[in-house]
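What follows is the residue order along each chain.
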Amino acid sequence: MKQKLEEIRASAMRELAEATGPQALETLRVKYLGKKGEVTAILKQMGKLTPEERPVIGELANKVRTFIEEDLTKRAAELKAEATKKRLELERIDVTLPGTHRELGVPHPLSIVLDEIKEIFVGMGFDIVEGPEVEYDYYNFEALNIPKDHPARDTQDTFYINDNIVLRTQTSPVQIRVMEKQQPPIRVISPGRVYRSDAVDATHSPLFHQIEGLVVDKGVTFADLKGTLETFVKRLYGEDSVVRFRPHHFPFTEPSAEVDVQCFNCHGEGCRLCKGEGWIEILGCGMVHPKVLSNCGIDPEVYSGFALGMGLERVVMRRYNIDDLRLFYENDVRFLKQF
Ligand SMILES: [Zn+2]
């Protein structure tokens, strides 16, 4: 029996050393120390021993039991340490390895120039406001001094949702919304999408972008308008830019003007870019019509103001010498990557 115990101890030691995981250790524990385990079996046979042998074998059996228990604990700790080490090695980050390259996009050319324009106006103390793209006929036309039968409506091919609701044809309705809510001084620009039912070609798109500007305060004159626009043009196109104002007509401004900038390609000589004109039209503007002011509850006897509107696409096309408007909306990466 003594020999049997020694054998159990030896085989337990060997098997424990070979155990590779917690599951294997548990199997060994049951095999040796469980209710039907080998050591337990020996203890059960104690009754057959002589009174002299009993304490000797009993002590030895207990020693073997303790020995196996300790070995189990030790081996469990070893296995745990090994597993941790393995995991750490697997999870180790080698900072010298080349990284995963993620391709970053670039801003759309329209966004690049719009951000620039916004910054110029913000620098002059303007706020940026936005308005709805689905707009009431009232804001898009009537409040801007374009009643239902006004011929100016014919020049703006409008998408009507119903008799009273349109997709805005211009950003000017934002002027009205701002003036309705706010008493002067007002100094805002409003960039955004506008819609006209035009067929798509190199210079037309049913969707394009405008930037509207509005200043209303006491004593605002046409000189303020000229000064503001000259500053704007010089910031956008360079200090040596030359600006000219041509009389024009808009229903919502009086007097009205169109603004040209001298062609920065040929400096007024005439070239392909300016179609031989020497000048490039960049925006429309004028003094806010007194009727528009009073439509919004602002007293035209006390306040005056100016408004301006420009097409973003045109500015960007000239900036980058792009000759087809459609390129902006096709999202061809080969085109967009160039900016
Ligand atoms: Zn030119």
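Our structure's up above, just so we're on the same page.
Residues numbered from 1 in each chain as written. Predicted model: local features only at pLDDT ≥ 70, side-chain atom pairs only at ≥ 80, totals over all residues. Heavy atoms only, no water.

Trainee: Please set out the coordination of the zinc ion residue by residue, giving values where relevant.
Mentor: Around the zinc ion, the protein contributes the donor atoms C263 (SG), C266 (SG), C271 (SG) and C274 (SG), which lie 2.2 to 2.3 Å from the metal centre. In this structure, the zinc ion is surrounded by four donor atoms whose angles at the metal cover 105 to 115°, and the resulting shape is tetrahedral. Judged by relative accessible area, C263 falls into the buried class, the value being 1%. (Donors = N, O, S within 2.8 Å, 3.2 Å for Na, K, Ca; no water. Tetrahedral: all angles 85-135°; square planar, octahedral: opposite > 155°, others 65-115°. Buried < 20%, exposed > 50% of the residue type's maximum accessible area, 1.4 Å probe, protein only.)

Trainee: Hey, could you go over the packing of helix α1 (residues 2-18) against helix α2 (residues 22-33) for me, with residue numbers and the actual values?
Mentor: One can describe the packing of α1 onto α2 by two numbers: an axis separation of 11 Å at closest approach and a directional angle of 170°. Classified by the interaxial angle, the pair formed by α1 and α2 is roughly antiparallel. Facing α1, whose interface residues are I8, S11, A12, E15 and L16, α2 presents L25, L28, K31 and Y32. A class-by-class count of the residues in the contact of α1 with α2 yields six nonpolar, one polar and two charged. (Axes fitted to C-alpha atoms, helices over the stretch in contact; angles between N-to-C directions. Helix = DSSP H or I, 4+ residues; strand = E, 2+ residues; numbered from the N terminus. Parallel < 35°, antiparallel > 145°, perpendicular 65-115°, else oblique. Contact = heavy atoms within 4.5 Å. Nonpolar A, V, L, I, M, F, W, Y, C, P; charged D, E, K, R; others polar.)

Trainee: With reference to specific residues and values, describe the environment of L336.
Mentor: Within the secondary structure, L336 sits in helix α13 (residues 333-336). Spatially, the C-alpha atoms of L336 and R326 are 12 Å apart, while their sequence positions differ by 10 residues. Once you skip the residues sitting within four places of it in the chain, L336 turns out to touch V106, H108, P109 and N331.

Trainee: Break down the packing of α1 against helix α4 (residues 53-91) for me, with residues and values.
Mentor: Axes are the key here: two packed helices are described by the angle between their axes and the distance separating the axes. Where α1 contacts α4, the two axes come as close as 10 Å, and the packing angle between them is 0°. As summarised for this structure, α1 and α4 are arranged roughly parallel, according to the angle between their axes. From α1, K2, L5, E6, I8, R9, A12, M13, L16 and A17 reach across to α4, where they touch I57, L60, A61, V64, F67, I68, D71, L72 and R75. The residue makeup of the contact of α1 with α4, split by class, is 13 nonpolar, no polar and five charged.

Trainee: Could you give an account of the packing of aromatic side chains, with specific residues and numbers?
Mentor: Scanning the entire structure with this criterion turns up 10 aromatic pairs. Here the aromatic rings of F222 and F245 are separated by 6.1 Å at their centres, their planes lie at 65°, and the arrangement is edge-to-face. A residue pair is termed long-range when its members are at least 10 positions apart, and F222 in helix α9 (residues 222-237) and F245 in strand β6 (residues 243-250) qualify at 23 residues. According to the relative accessible area criterion, F222 is partly exposed, its value standing at 26%. Residue F245 is classed as partly exposed on the basis of its relative accessible area, which comes to 21%. When the centroid spacing of 4.8 Å and the interplanar angle of 70° are considered together, the rings of Y320 and F339 count as edge-to-face. (Phe/Tyr/Trp six-rings, centres within 6.5 Å; stacked < 30°, edge-to-face > 60°.)

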